[in-house]
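So the chains spell out like this:
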Amino acid sequence: MKHFSTEAWIDSVNHVATIDQQEAMQKHLATGCKRCKEIVLLWQKVRKTAAVEASYQPSQDAVRLAKAAYAVSGLARAKKESRGLVEVLFDSFLQPAVAGARSVVIGTRQMLYRADPYQIDIQIEPKPGSNRLVITGQLLDLSHPGDVGRGIQVTLSNQRGDTVLAATSQFGEFSGEIENSGDLELSIPGESEKPIVISLRNALGNLPGGTS
């Protein structure tokens, strides 16, 4: 009995084989060839699985956590010996403007920090019609890669005595609103009794809504 090749069956499953070849292959299966039938069933499953995967869209929370975990894995190779230090991994104000968009006014600042045991993602934007800033972010617990920092108290404050307390959600996210005084700080509990303090001084620079 003449068997068809695996490549031929793949073409058949993907509907790219010629009509004559399809008819010949179906006649071959009708003879009860167990070997070829198993090949067909296998590649039909592969095609079905590929179709399902192509239509799958993960949630935004899952994407964000995956990106954060990827950043952690890359940083692990270059991890500093000293602990407890605040390291700036990304600051949108330090990035060159995209060609053709240099004159566009950007009122939002994105920053990414590492301060053991956390990776801290921060976004700062002005509140329209006021001199207040809206600060949002997310904590990733580096001691458990892929996990977020839940129930962590985040403190926003300035030297004028204004203080805003916010606890991270189940997704490690926090949000707070405070006067744009130009001397802001964000602090969270560290591994020891000493808190982790991140300076947000001159948070929006000289852009509209910022303090010079």
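A brief report on the enclosed structure follows.

Rules behind the numbers
- Residues numbered from 1 in each chain as written.
- Predicted model: local features only at pLDDT ≥ 70, side-chain atom pairs only at ≥ 80, totals over all residues.
- Heavy atoms only, no water.
- Helix = DSSP H or I, 4+ residues; strand = E, 2+ residues; numbered from the N terminus.
- Buried < 20%, exposed > 50% of the residue type's maximum accessible area, 1.4 Å probe, protein only.
- Pairing = 2+ DSSP bridges.
- Disulfide = S-S within 2.5 Å.

1. With respect to unusual backbone geometry
Most peptide bonds adopt trans geometry, and most residues besides glycine take a negative phi value. The omega torsion of the bond from D116 to P117 falls at 10 degrees, within 30 degrees of zero and hence cis. By the secondary structure assignment, P117 is in the loop between β2 (109–115) and β3 (118–126). With a phi close to 60 degrees, H15 is a non-glycine residue in the positive phi region. Structurally, H15 is set in the loop between α1 (6–13) and α2 (19–30). Positioned with a positive phi, N202 is a non-glycine residue whose angle comes to about 50 degrees. By the secondary structure assignment, N202 is in the segment after β9 (196–201).

2. Focus on the pairing of β9
On a regular strand, each side chain points to the face opposite its neighbour's, so the side chains alternate between the two faces of the sheet. A one-sided burial pattern is seen for β9, the buried positions being I196, I198 and L200 and the unburied ones V197, S199 and R201. Where strand β8 (residues 183–188) and β9 come together, six bridges link them in antiparallel fashion. Paired with E185 across the strands is S199, a residue of β9.

3. Examining the state of the cysteines
Cysteine pairs can be linked by a disulfide, which is a covalent bond between their two sulfur atoms. For the coordinates displayed, the defined rule picks out zero disulfides. Distance from the sulfur of C33, which forms no disulfide, to the nearest cysteine sulfur (C36) is 3.6 Å. Residue classification places C33 among the buried positions, given a relative accessible area of 6%.

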